[in-house]
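Residue-level structural notes
Listed here are the chains, written in short residue letters.
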Amino acid sequence: MRKLSKKSRITATVAGVALVAVGGGAAYAYWTTTGSGNGSAANSSGGGIVALHATFNAGLAPGNQTAVAYTADNSTTSGTVVGALAANVTTSDAGCLPGWFEVTAVTSNSLVAANSTGTSVGSGVLKFNDSGTANQDACKSATVTVNVSSQ
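Here the residue numbers are simple positions, counted from 1 along each chain's written sequence. Local features in this predicted model are restricted to residues whose pLDDT is 70 or higher, and side-chain atom pairs enter the listing and the counts only when it is 80 or higher, whereas totals over whole chains, interfaces and linings include all residues. Hydrogen atoms and water are omitted, and side-chain values are computed over all heavy atoms in the structure.

Digging into the overall build of the protein chain
Scanning the protein chain for helices and strands turns up 1 helix and 9 strands. Ordered by position in the sequence, the α and β elements of the protein chain form the string α-β-β-β-β-β-β-β-β-β. In the protein chain, which comprises 151 residues, the proportion classed as buried is 23%. We call two residues in contact whenever any of their non-hydrogen atoms come within 4.5 Å of each other. In the protein chain, the proportion of contacts linking residues at least 24 apart, taken out of those at least 6 apart, comes to 71%. We get accessible surface area from the Shrake-Rupley algorithm with a probe of 1.4 Å; when it comes to residues, only the shown protein chains can shield them. By element, 55% of the accessible surface of the protein chain is carried by carbon and sulfur atoms, the whole surface being about 10400 Å². In DSSP terms, a helix is any run of H or I states spanning at least four residues, a strand is any run of E spanning at least two, and both are numbered starting from the N terminus. Note on classification: 1.4 Å probe, protein chains only; a residue is buried when its accessible area is under 20% of the maximum for its type, exposed when over 50%, partly exposed between these limits.

Focus: the confidence of the model for the protein chain
This prediction gives the protein chain a mean pLDDT of 83; 70% of its residues lie at or above 70. The predictor rates its confidence in each residue with pLDDT, a number between 0 and 100. Of all the helices and strands in the protein chain, helix 1 (residues 6-31) carries the lowest mean pLDDT, 58, while strand 5 (residues 101-103) carries the highest, 97.

Quick word on the packing of aromatic side chains
Between the rings of Phe, Tyr and Trp (Trp by its six-membered ring), a pair exists once the centres lie within 6.5 Å; its type follows the angle of the planes, with under 30 degrees stacked, over 60 edge-to-face, and the other angles tilted. Throughout the structure, instances matching the rule amount to 1 aromatic pair. Taking the centre distance of 4.4 Å and the plane angle of 25° together, the rings of F101 and F128 count as stacked. In this pair, F101 sits in strand 5 while F128 sits in strand 8 (residues 116-128), placing the two residues 27 residues apart along the sequence. Pair check on accessibility: F101 and F128 agree, each one buried.

Some words on the nonpolar core
Only buried residues count toward a nonpolar core, which is a set of Ala, Val, Leu, Ile, Met, Phe, Trp, Tyr and Cys residues joined through side-chain atoms within 4.5 Å. The biggest cluster of nonpolar side chains holds 21 residues, and the ones touching the most others in it are L52, Y70, F101, V121 and L126. Discounting residues that sit within four places of it in the chain, L52 has contacts with T71, A72, V82, L85, V121, V148, S149 and S150.

So, the pattern of salt bridges
Every case where a carboxyl oxygen of Asp or Glu lies within 4 Å of a side-chain nitrogen of Lys or Arg is listed as a salt bridge. In this structure the tally under the stated criterion is 1 salt bridge. The salt bridge partner of K140 is D137, with a shortest N-O separation of 3.6 Å.

Observations regarding the environment of F56
Its place among the elements puts F56 in strand 1 (residues 51-56). When the C-alpha atoms of F56 and A69 are compared, they prove to be 6.6 Å apart, with 13 residues separating the residues in sequence. For F56, the contacting residues outside a window of four places in its chain are T66, A67, V68, L126, V144 and V146.

Description of the pairing of strand 2 (residues 64-74)
The pairing criterion for strands is at least two bridges between them, as found by DSSP. Strand direction decides the pairing type here: strand 1 and strand 2, joined by 6 bridges, are antiparallel. Within the sheet, the bridge partner assigned to A51 lies in strand 2 and is D73. Bridge count between strand 2 and strand 8: 10 bridges; the pairing is antiparallel. Bridged to A67 within strand 8 is V125.

Quick notes on the side chain of N74
With respect to the secondary-structure elements, N74 resides in strand 2. In this structure the side chain of N74 is engaged in a polar contact, spanning 2.6 Å, whose partner is the side chain of T76. Side-chain atoms alone can form a polar contact between residues adjacent in sequence; in general such a contact is a pair of N or O atoms within 3.5 Å, and within protein one must be able to donate a hydrogen while the other accepts it. In terms of polar contacts, N74 uses its side chain to reach the backbone carbonyl oxygen of S78, at 2.9 Å. Leave out the neighbours within four places in its chain, and N74 touches V50, G79, T80, V112, A113, A114, N115 and S116.

What follows is the structure, given as structure tokens:
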């Protein structure tokens, strides 16, 4: 094996230091790399439609009244609020006049959670008014329906 001259040793040492410096510089550049970016997705369109229900006892007679419970089903993936309710009465018999009935709906901005059923959203009273003068026999066994909507 041949001995290296002093000049060759210095050249070899400088080359080694240069290789370490270049390798260390590449690692340093890797660890200090910066960047930026973002991501996005559209939100739910919100709101959605809830199914509203009115429930009350059967068997009304002229001059009587019964409590009405209003509930909502929400099959969407977003919670929503049901505000004021509007209710009206229809009947299954043309001779049983809807005007003989009164229905109320007391509400207070009720939260209806996503994917929920039977959430209470209000209450009211259904009255079958006694006309006092008209024969109301057409309402015997007639089906009374309370239609409800939110505003």
